[in-house]
Amino acid sequence: MSEPTTMAEQRRADPVSGPYWQGAAKGRLRLQWCGDCDRPHHYPRARCPFCGGAGLTWRDASGRGTVHSYALQPAREGDGTMILLVDLAEGPRLLSHLVGDRTGLEIGSDVVATWGTAADGTDLLTFELVEPNI
Amino acid sequence: MTDDVLDLRARTAIVGVADAASATGVLDTWGHALQAEVAHEALADAGLSIGDVDGLALAGAPLEAMQVAEYLGIAPRWSDTSHQGGSSFESHVEHAAAALATGACDVALIVYAHTPRGNFKRFGRGRDNGASHAYGPAFVEWELPYGAALPVTGYALAAQRHQSQFGTTPEQMATVAVAARQWAAANPRARNQEPLSVDDVLASPLVSGPLHQRDCCLVTDGAAAIVMTRAERARDLRGDPAYVLGVASAHSHLQIAQMDDLTVTAGARSGPRAFAQAGIGPDDVDVAQLYDSFTITVLLALEDLGFCPKGEAGAFAVEQGLGPGQVLPANTGGGGLSYTHPGMFGLFLLVEAARQIRGESAGTAVPGVDISLAHGSGGVLSHAATVILGSEATR
């Protein structure tokens, strides 16, 4: 087996977070769950951050969540970037982007996962409003 | 006169050990995962679990204590990241013994991992997979790809949340910057001294919504220093001593997505402990230096330190006031918003707090100061440290 060369390959080969990135390559959002306390967490870790448990497994997440907060990052041209904090339906919170229509965005808005590509070629989890324009 | 030095003899012990090594000289785990491995092994050796740990020491990169604590899922109330090369860990034991003996923490974890051979194999020359980034490999993997502007985006997310949750207005936030400018008007060394209005703040460009440029601290050159000594000796020196009546720190996360409640900072833990040590409350504070990296930072500090209830700092800033002649004189030299901010403002807070005890200031001395508070903030609302200084009359 050849050594990973691109950043995307390195991510997928990571002994801790690899399964996340392998899922991402197929457009699937995966979360680590603790076999001891039965709680999911994100970002992936070698041990559960809630109880220290080592029996961690991976499950597909629903891809659904709600907006915990947001911040508009203006750009010289265009509409800028909408940074999101998303509370996943399963519990964990993560930083992401809102893509697509921003109309109606507020704290508590329902969002759903969609995938893009980051500047370094790795898969980029983003979200879009479930019901824009309301 | 005897020195007031703690007797640490037989007060603390090493109760668990672990190490990791390989005959090939290469380990297949590295970084935080390797630190977690040996940490759990040592705790198991001691008959303890990760949940028992409330103190953490490591000779790491800047901010690494927060990375490791976040990774392990612990929220220490004591940490020591002093870095003195190969003998660092002996120093950690010394510091941990003092901290343990005085009750600063109950279980201190000292941890170290470094894998240069394996990293070279895995990532090649000059590639460390983010380990050298100040915010650590987890930040590089999970937040950096989104291009968030550090640290302002994290504060913007907290400000947005505070506005939505408590009805805090942009005008109320701007009042913090206006008060700082009023103090700066009397500081001939302040970067910005001209008058500033709420409308000026709101009309300044959006940096990271909802924060405007005038909600954000300066970027300037600067330097500061303080000298401390024991209380018995301090009285024999030239100036009036500013006694450390209470001091405490705490941290909770590093990446903003890992902050439990965006409206509650670690100051909610450091503040009450510092006040308890000092035997006073927020009402006793005559003048306060509250880290003003952003206007929201000051509002959160006012609440977390107990100057007002949670959610009411916006109204406090407008109705009670932080400016000259108002209820809580704060950032009396103009603060990071108008005086200076060379990247880190924490030492400037202490300089101004001590000056106020002496009846001096970079700007305007507040009359009759006996209690002077300095409250620092670090990371992305990640670390807080509260120092309460007192005059001779408060000893």
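In this text, all values refer to a predicted model and were calculated from it rather than measured experimentally.

**Regarding the environment of A:Glu9**
Residue and element names in this part refer to chain A.
- Along the chain, Glu9 turns up in helix α1 (residues 7-13).
- On the basis of relative accessible area, Glu9 is assigned to the partly exposed category, the value being 33%.
- With 27 residues separating them in the primary sequence, Glu9 and Asp36 have C-alpha atoms 31 Å apart.

**Focus: the packing of aromatic side chains**
- Summed over all chains, the structure comprises ten aromatic pairs over all chains.
- Measuring from ring centre to ring centre gives 4.5 Å for B:Tyr155 and B:Phe294, while their planes differ by 35 degrees; the resulting arrangement is tilted. Of this pair, B:Tyr155 sits in helix α6 (residues 152-166) while B:Phe294 sits in the loop between β7 (287-290) and α11 (295-304); the two residues are 139 residues apart in sequence, bridging distant segments of the chain. Here B:Tyr155 and B:Phe294 have matching classes, each one buried.
- Between B:Phe345 and B:Phe348 the ring centres are 5.3 Å apart and the planes differ by 10 degrees, which places this aromatic pair in the stacked class.
- For B:Phe345, a relative accessible area of 4% puts it in the buried group.
- For B:Phe348, a relative accessible area of 12% translates into the label buried.
- Three or more aromatic residues link up through ring pairs in this structure, and these residues are A:Tyr20, A:Trp21, A:Trp115 and B:Trp142.
- Looking at A:Arg39, its charged tip hangs above the ring of A:Phe50, at a distance of 3.7 Å from the centre.
- The ring centre of A:Tyr43 lies 3.9 Å from the NZ or CZ of A:Arg45, which sits over that ring.

**A look at α11(B)**
Residues and elements named next belong to chain B.
- The buried fraction of α11 is high, at ten of ten residues.
- Buried residues of α11: Thr295, Ile296, Thr297, Val298, Leu299, Leu300, Ala301, Leu302, Glu303 and Asp304, and no others.
- At the C-terminal side of α11, Gly306 shows a positive phi close to 90 degrees.

**As for the environment of B:Ala44**
- Looking at the element boundaries, B:Ala44 is found in helix α1 (residues 31-46).
- B:Ala44 sits 27 residues away from B:Val17 along the chain, and the two C-alpha atoms are 8.9 Å apart.

**Quick word on the pattern of salt bridges**
- For the structure on display, the rule yields ten salt bridges over all chains.
- One salt bridge connects A:Asp87 with A:Arg93, and the closest N-O pair in it is separated by 2.8 Å. For the pair A:Asp87 and A:Arg93, a shared accessibility class is recorded, and that class is buried.
- For the salt bridge of B:Glu303 with B:Lys310, the shortest nitrogen-to-oxygen distance reads 2.9 Å.
- Classification of B:Glu303 by relative accessible area gives buried; the value is 5%.
- Residues joined in a network through salt bridges with shared partners are A:Arg28, A:Arg30 and A:Asp60.

**With respect to the sheet that holds strand β3 (residues 108-110) of chain B**
Residues and elements named next belong to chain B.
- Taken together, the three strands give an open sheet; going across it, the order is β2-β1-β3, and neighbouring strands pair in parallel fashion. At either end of the open sheet lies a strand with only one pairing partner, and these are β2 (78-80) and β3. Across this sheet, the average inter-strand angle for adjacent strands is 15 degrees, counted without regard to direction.
- For strand β1 (residues 55-57) and β2, the ladder comprises three bridges, and the chain directions are parallel. Across the sheet, Leu56 pairs through a bridge with Ser79, a residue of β2.
- Against the sheet, helix α3 (residues 88-101) contacts β1, β2 and β3, and its axis sits at roughly 160 degrees relative to β2.

**Side note on the pairing of strand β8 (residues 123-129) of chain A**
All names here are of chain A.
- Most of β8 is tucked away: six of the seven residues are buried.
- Where strand β7 (residues 110-117) meets β8, seven bridges bridge the pair, whose relative direction is antiparallel. Across the sheet, the residue bridging to Val111 is Leu129, located in β8.
- Linking two consecutive strands that pair antiparallel, namely β7 and β8, is a turn of five residues; a positive phi of about 90 degrees is found at Gly121 within it.

**Description of the interface of chain B and chain A**
- Contacts between the two partners involve 41 residues from chain B and, on the opposite side, 39 residues from chain A.
- Area buried by chain B at its contact with chain A is led by B:Tyr71, B:Trp142 and B:Tyr146, which between them contribute 23% of it.
- Joining chain B to chain A, the criterion identifies zero salt bridges.
- Of all the elements in the fold, those that place two or more residues in the side of chain B that touches chain A are α1, α2 (64-72), α4 (116-123), α5 (136-142), α6 and β4 (206-208) of chain B.

**Some remarks on the pairing of β7(A)**
- By the bridge criterion, three bridges tie strand β4 (residues 64-73) of chain A to β7(A) in an arrangement that is antiparallel. Opposite A:Gly65, over in β7(A), you have A:Val111 as the bridge partner.

**Re the packing of helix α7 (residues 170-184) of chain B against α11(B)**
All names here are of chain B.
- At a minimum axis separation of 9 Å, α7 and α11 run at an interaxial angle of 100 degrees. With respect to their mutual orientation, α7 and α11 come out roughly perpendicular. Here Met173, Val176 and Ala177 of α7 come into contact with α11, specifically with Thr295, Val298 and Leu299.

**Some thoughts on the confidence of the model for chain B**
All names here are of chain B.
- Chain-level pLDDT for chain B is 88 on average; 92% of the residues reach the 70-or-more range.
- Contacts of residues 1-6 to residues separated by more than four positions or lying in other chains number five contacts, the stretch itself having pLDDT below 50.
- As a predicted assembly, this complex carries a pTM of 0.86 together with an ipTM value of 0.89.

Definitions and cut-offs
What you see as residue numbers is a count from 1 along each chain, following the sequence as written. Labels follow written order: the first chain is A, the first ligand is 1, and so on. Where totals are concerned, whole chains, interfaces and linings use all residues; where local detail is concerned, this predicted model gives features only for residues with pLDDT of at least 70, and gives and counts side-chain atom pairs only at 80 or more. Excluding hydrogens and water, the side-chain values take into account all heavy atoms of the structure. By the criteria applied, helices consist of DSSP H or I runs no shorter than four residues and strands consist of E runs no shorter than two, each listed in order from the N terminus. Note on classification: 1.4 Å probe, protein chains only; a residue is buried when its accessible area is under 20% of the maximum for its type, exposed when over 50%, partly exposed between these limits. Ring pairs shown here join Phe, Tyr and Trp side chains whose ring centres sit within 6.5 Å, with only the six-membered ring taken for Trp; geometry is labelled stacked below 30 degrees between planes, edge-to-face above 60, and tilted in between. Here, a charge over a ring is recorded when the distance from Lys NZ or Arg CZ to the ring centre is within 6 Å and its angle to the ring normal is within 35 degrees. Should a side-chain nitrogen of Lys or Arg be within 4 Å of a carboxyl oxygen of Asp or Glu, the pair is scored as a salt bridge. The pairing criterion is simple: DSSP has to find at least two bridges between the two strands. Geometry is summarised by axes, namely lines fitted to C-alpha atoms with helices restricted to the contacting stretch, and by angles between N-to-C directions that run from 0 to 180 degrees. Note on contacts: a residue pair is in contact if any heavy atoms of the two residues lie within 4.5 Å. A quick way to say it: buried area is the sum, across both parts, of accessible area lost when two parts are put together, with a 1.4 Å probe. Oblique is the label for any angle not under 35 degrees, not over 145, and not in the 65 to 115 range, which are roughly parallel, roughly antiparallel and roughly perpendicular in turn. A residue's pLDDT is the predictor's confidence in that residue, given on a scale from 0 to 100.

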